[in-house]
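A closer look at the structure
Read off the chains here:
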Amino acid sequence: MTVTYEEFATARLAALSRYAVMLTGDQHLAQDLVQETMVRAQLHWRKVSRAESPERYVKRMMINQYLDWRRGSWFRRVFLRAEPDETVAVPHDLAERSAQRDAIWSVLATLPRQQRAALVLRYYEDLADAEIADMLGCTVGTARGYISKALTRLRESAGAQLSMGAMR
């Protein structure tokens, strides 16, 4: 039995929205990304619904749309930062937690689009290297390279943050 577009959208929209936030790092850009992707999915629903996994197909569409957005010069001028999560208990030092979150989002925003997408696919989607390569349209070695380089950059940035904190 083939699922309709409306059924798919009703069942998977919230999960796709969370996925988009992880890719973009911004709630509003994520909403735009989901909207554009879902419009494209609806326009091509016959093809999407025949796929082995329609959700995976739509996520691939979303990654492609995200990567295309990152190529545009307007996107590079946007500062990415997470919105505070009101459902989380208030930590002891809200300012420190906020500063750490901003530092992480700042570093993630500087990663090349493929590296960031690879990290989201690995650590948010929990995909294997072969699946990441398939989603990004590259070889397994290239996908591993994206992840390795992104993690190296994150570690270097974390080290720099720690050393700056020690100087204060």
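It should be noted that the structure appears before, not after, this text.
One structure accompanies this document, and this report is about it. Just so it is clear, the structure is predicted and the values come from calculations on it, not from any experiment. Starting from 1, residues in each chain are numbered consecutively following that chain's sequence as written. At least 70 in pLDDT is required for a residue's local features to be given in this predicted model, at least 80 for side-chain atom pairs to be given and counted, and no such filter applies to totals for whole chains, interfaces and linings, which use all residues. Each side-chain value is worked out from all heavy atoms of the structure, with water and hydrogens disregarded.

1. Some details on the overall build of the protein
Under the scheme used here, helices are H or I runs from DSSP no shorter than 4 residues and strands are E runs no shorter than 2 residues, and both carry numbers assigned from the N terminus. If you tally the helices and strands in the protein, you get nine helices and zero strands. Along its sequence from the N terminus, the protein presents helices and strands in the succession α-α-α-α-α-α-α-α-α. Between buried and exposed lies partly exposed: a residue is buried under 20% and exposed over 50% of the maximum accessible area for its type, with that area taken using a 1.4 Å probe on protein chains only. Burial analysis of the protein (168 residues in total) assigns 34% to the buried set. In the protein, the proportion of contacts linking residues at least 24 apart, taken out of those at least 6 apart, comes to 64%. Residue burial considers only the protein chains on display, and all accessible areas are found by Shrake-Rupley using a 1.4 Å probe. Here the protein has roughly 10,500 Å² of accessible surface; of this, 54% comes from carbon and sulfur atoms. Whether two residues are in contact is decided by their heavy atoms: any pair within 4.5 Å suffices.

2. Some points on helix α1 (residues 5–24)
For an α-helix the count is 3.6 residues per turn, leaving residues at separations of three or four pointing the same way. Any helix carries an expected span of 1.5 Å times its number of residues minus one. When the terminal C-alpha atoms of α1 are compared, their 24 Å separation across 20 residues is substantially less than the 28 Å that a helix rising 1.5 Å per residue should span. The largest bend in α1 amounts to roughly 55 degrees and is located at R12. Among all positions in α1, only Y5, F8, A9, A15, L16, Y19, A20, L23 and T24 are buried. G25, located one to two residues past α1, shows a positive phi value of around 80 degrees. For a residue, the bend is simply the angle between two axes, fitted respectively to the seven-residue segment ending there and the seven-residue segment starting there.

3. Thoughts on the packing of aromatic side chains
Remark: the centre distance and the inter-plane angle together describe each pair of aromatic rings, the angle taken between the planes. Each aromatic pair joins two rings of Phe, Tyr and Trp (for Trp, the six-membered one) with centres within 6.5 Å, and gets the label stacked for planes under 30 degrees apart, edge-to-face for over 60, and tilted for any other angle. For the coordinates displayed, the defined rule picks out three aromatic pairs. With a centroid separation of 5.6 Å and 80 degrees between ring planes, the pair formed by Y5 and W45 is classed as edge-to-face. Residue Y5 is located in helix α1, and its partner W45 is located in helix α3 (residues 45–50); the two are separated by 40 residues in the primary sequence. In this pair, the class of Y5 matches that of W45, namely buried. Look at F8 and W45: their rings are 5.3 Å apart centre to centre, the planes differ by 45 degrees, and that puts the pair in the tilted class.

4. What to know about the side chain of Q115
Looking at where Q115 falls in the secondary structure, it is placed in helix α7 (residues 113–124). Overall, Q115 belongs to the buried group, its relative accessible area being 10%. The contact partners of Q115, leaving out residues within four places of it in the chain, are Y146, K149 and A150.

5. Focus: the pattern of salt bridges
Each salt bridge in this description consists of a side-chain nitrogen of Lys or Arg and a carboxyl oxygen of Asp or Glu lying within 4 Å of one another. For the structure shown, the criterion picks out seven salt bridges. Among the ionic pairs, R56 bridges to E131, the shortest N-O distance being 4.0 Å. A residue pair is termed long-range when its members are at least 10 positions apart, and R56 in helix α4 (residues 54–71) and E131 in helix α8 (residues 129–136) qualify at 75 residues. Of the residues examined, R56 reaches a relative accessible area of 28% and is grouped as partly exposed. By relative accessible area, which is 33% here, E131 ends up partly exposed. Through salt bridges with shared partners, one network takes in R12, E55, K59 and E125.

6. Things to note about helix α2 (residues 27–43)
With 17 residues, α2 ought to run about 24 Å at 1.5 Å a step, and its terminal C-alpha atoms sit 24 Å apart, in line with that. Sitting at the head of α2, D26 places a side-chain oxygen 3.0 Å from the backbone nitrogen of H28. Polar contact is the term for a pair of N or O atoms within 3.5 Å; when the atoms are in protein, one must be able to donate a hydrogen and the other to accept it, and sequence-neighboring residues count only if both atoms are side-chain atoms.

7. What to know about unusual backbone geometry
Notably, D126 is not glycine yet its phi reads approximately 60 degrees, a positive angle. By the element assignment, D126 lies in the loop between α7 and α8. What makes D126 exposed here is its relative accessible area of 64%.

8. A word on the packing of α1 against α2
Packed helix pairs are specified by the crossing angle of their axes together with the interaxial distance, meaning the distance between the axes. To get an axis, a line is fitted to the C-alpha atoms, and for a helix only the part in contact is used. The angle between two axes follows their N-to-C directions and goes from 0 to 180 degrees. Put simply, α1 and α2 touch, their axes get as near as 8 Å, and they point 140 degrees apart. Pair α1 / α2 crosses with right-handed handedness. Contacts between α1 and α2 involve Y5, F8, A9, L13, L16, S17, A20, V21, L23 and T24 from the former and Q27, L29, A30, L33, V34, M38, A41 and Q42 from the latter. Crossing handedness is read from the near helix: turned anticlockwise from the far helix by less than a right angle, it gives a left-handed crossing, and turned clockwise, a right-handed one.

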